[in-house]
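# Observations on the three-dimensional arrangement
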Amino acid sequence: MNIQINGKVESFVAETLTVSALLVAQKVDMPEMVSVEVNGDVLDRDAFGTTVVKEGDTVEFLYFMGGGRA
Amino acid sequence: MVILQIPSAIYDAMVAHAKQNMPLEACGYLAGETPSSTPSQAGENGDDPKGMRPLDPAVATVFIPMTNIDKSPEHFTFDPKEQFAAIKQVRQSGESLLAVYHSHPETPARLSAEDVRLFNDPNMIYVIVSLAAAIPEVKAYRVRKHEDVVNIVRVDIVVS
């Protein structure tokens, strides 16, 4: 399948992948610190393991950004 | 030495944004160009085991104020929807996100332990605007983590 990831079209042998598997394939070191958008919808982190991406989907992911005084 | 060049108009807009949000922490992005510019998004450092890119001078050309969804004087979190909108805006213009800025309303422009814990993008420069004194203090850093080792490098800010 071909999916667009962070603005670039990428090809995968698999016909579908969970978002969790996709993050592994993209070598994301800390998936727990990443926000993911699939076809314009921001996912809850709990949904990474169950949300499936398929041919033609558009996926964006970036690092959660925050900080604090502690 | 890593250098972040910020035009005075952008510098002033960033400090003004921090002041407008007092007593809450304010936050935003600085976007622009580097000679070896690459989009700063998760997973794009897979070919580099240290998660680094060359330390080229970075020139900010755009200030993107963001919403602190924590609405707190002690911590901040970007709105993920705004983050995705920002990265798309910057990508369309052919630039890159260079720096994350946030303000410290009452404390110096130093990284807190929580800042370091939560800063996980090795491509970003982290800019802190302190409003603790009468004259705002602005400092910048890079934070790099490799296994349990955290390396914090000061970034020189040049206001042009």
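Worth saying up front: this structure is predicted, and the values here are computed from it rather than measured.

Procedures and definitions
- Sequence order as written defines residue numbering, which begins from 1 separately in each chain.
- Lettering for chains starts from A, numbering for ligands starts from 1, and both go in the order in which the items are written.
- Residues qualify for local features only when their pLDDT is at least 70, as the model is predicted, and side-chain atom pairs are given and counted only at 80 or more; totals for whole chains, interfaces and linings, by contrast, use all residues.
- No hydrogens and no water enter the side-chain calculation; it runs on all heavy atoms of the structure.
- The rule for pairing is simple: two strands pair if DSSP sees at least two bridges between them.
- For the purposes of this entry, the term helix denotes a DSSP run of H or I that reaches at least four residues, the term strand denotes a run of E that reaches at least two, and both are numbered from the N terminus.
- In this description, contact between two residues means that some pair of their heavy atoms is separated by no more than 4.5 Å.
- Working convention: axes come from line fits to C-alpha atoms, limited for helices to the stretch in contact. Angles between N-to-C directions cover 0 to 180 degrees.
- The term buried area refers to how much accessible surface (probe radius 1.4 Å) is lost by two components on association, counted for both of them together.
- The rule for a salt bridge is simple: a side-chain nitrogen of Lys or Arg has to be within 4 Å of a carboxyl oxygen of Asp or Glu.
- We define a polar contact as two N or O atoms separated by no more than 3.5 Å, with the added condition that, inside protein, one atom must be a possible hydrogen donor and the other a possible acceptor, whereas residues neighbouring each other in sequence contribute only through side-chain atom pairs.
- Each residue gets one of three labels, nonpolar for Ala, Val, Leu, Ile, Met, Phe, Trp, Tyr, Cys and Pro, charged for Asp, Glu, Lys and Arg, and polar for the others, Gly among them.
- To estimate the expected span of a helix, count its residues, drop one, and scale the result by 1.5 Å.
- Exposed residues in this analysis have more than 50% of their type's maximum accessible area, buried residues have under 20%, and partly exposed residues fall in between, with area computed by a 1.4 Å probe over protein chains only.
- This arc describes the spread of directions from the helix axis toward the C-beta atoms.

This paragraph deals with the sheet that holds strand β1 (residues 2-5) of chain A. The 5 strands are arranged β2-β1-β7-β4-β5 (chain A) in an open sheet whose pairing can be described as mixed. Each edge of the open sheet is held by one strand with a lone partner, namely β2 (8-11) and β5 (41-42) of chain A. Sheet analysis places β1 of chain A next to β2 of chain A, joined by 4 bridges and oriented antiparallel. Bridge assignment links Ile3 of chain A to a residue of β2 of chain A, and that residue is Glu10 of chain A. The sheet contacts of helix α2 (residues 80-92) of chain B involve β4 (34-38), β5 and β7 (58-63) of chain A, and relative to β7 of chain A the element is tilted by about 105°.

This brings us to the interface of chain A and chain B. Taken together, the 23 residues of chain A in the interface contact 31 residues of chain B. Both sides of the chain A and chain B interface together cover about 2,600 Å² of buried area, and 58% of this is carbon and sulfur. Here chain A and chain B share 2 salt bridges between them. Here Glu60 of chain A and Arg91 of chain B are joined by a salt bridge, their closest N and O atoms 2.7 Å apart. At the junction of chain A with chain B, the criterion picks out 8 residue pairs in polar contact (both at pLDDT 80 or more). If you list the elements that add at least two residues to the side of chain A that touches chain B, you get β4, β7 and β8 (66-68) of chain A. Grouping the constituent residues of the side of chain A that touches chain B by class yields 12 nonpolar, 7 polar and 4 charged. As paired elements, β8 of chain A and strand β4 (residues 75-77) of chain B share 3 bridges and run antiparallel to each other. Paired with Gly66 of chain A across the two strands is Thr77 of chain B, which belongs to β4 of chain B.

Moving on, we come to α2 of chain B. For α2 of chain B, built from 13 residues, the straight-helix expectation of 18 Å at 1.5 Å per residue is met to within 8% by its first-to-last C-alpha distance of 18 Å. Three or more residues of α2 of chain B are buried, namely Gln83, Phe84, Ala86, Ile87 and Val90 of chain B. The arc that holds every buried residue of α2 of chain B, seen down its axis, measures 160°, which confines them to one face. More than 90 degrees from the buried face of α2 of chain B, the exposed residues found are Lys81 and Gln92 of chain B. Elements in contact with the buried residues of α2 of chain B: β4, β5 and β7 of chain A together with β2 (27-33), β3 (58-66) and β5 (96-104) of chain B. The backbone nitrogen of Lys81 of chain B has a side-chain oxygen 2.9 Å away, supplied by the residue at the start of α2 of chain B, namely Asp79 of chain B. Downstream of α2 of chain B by one or two residues, Gly94 of chain B has phi in the positive range, about 80°.

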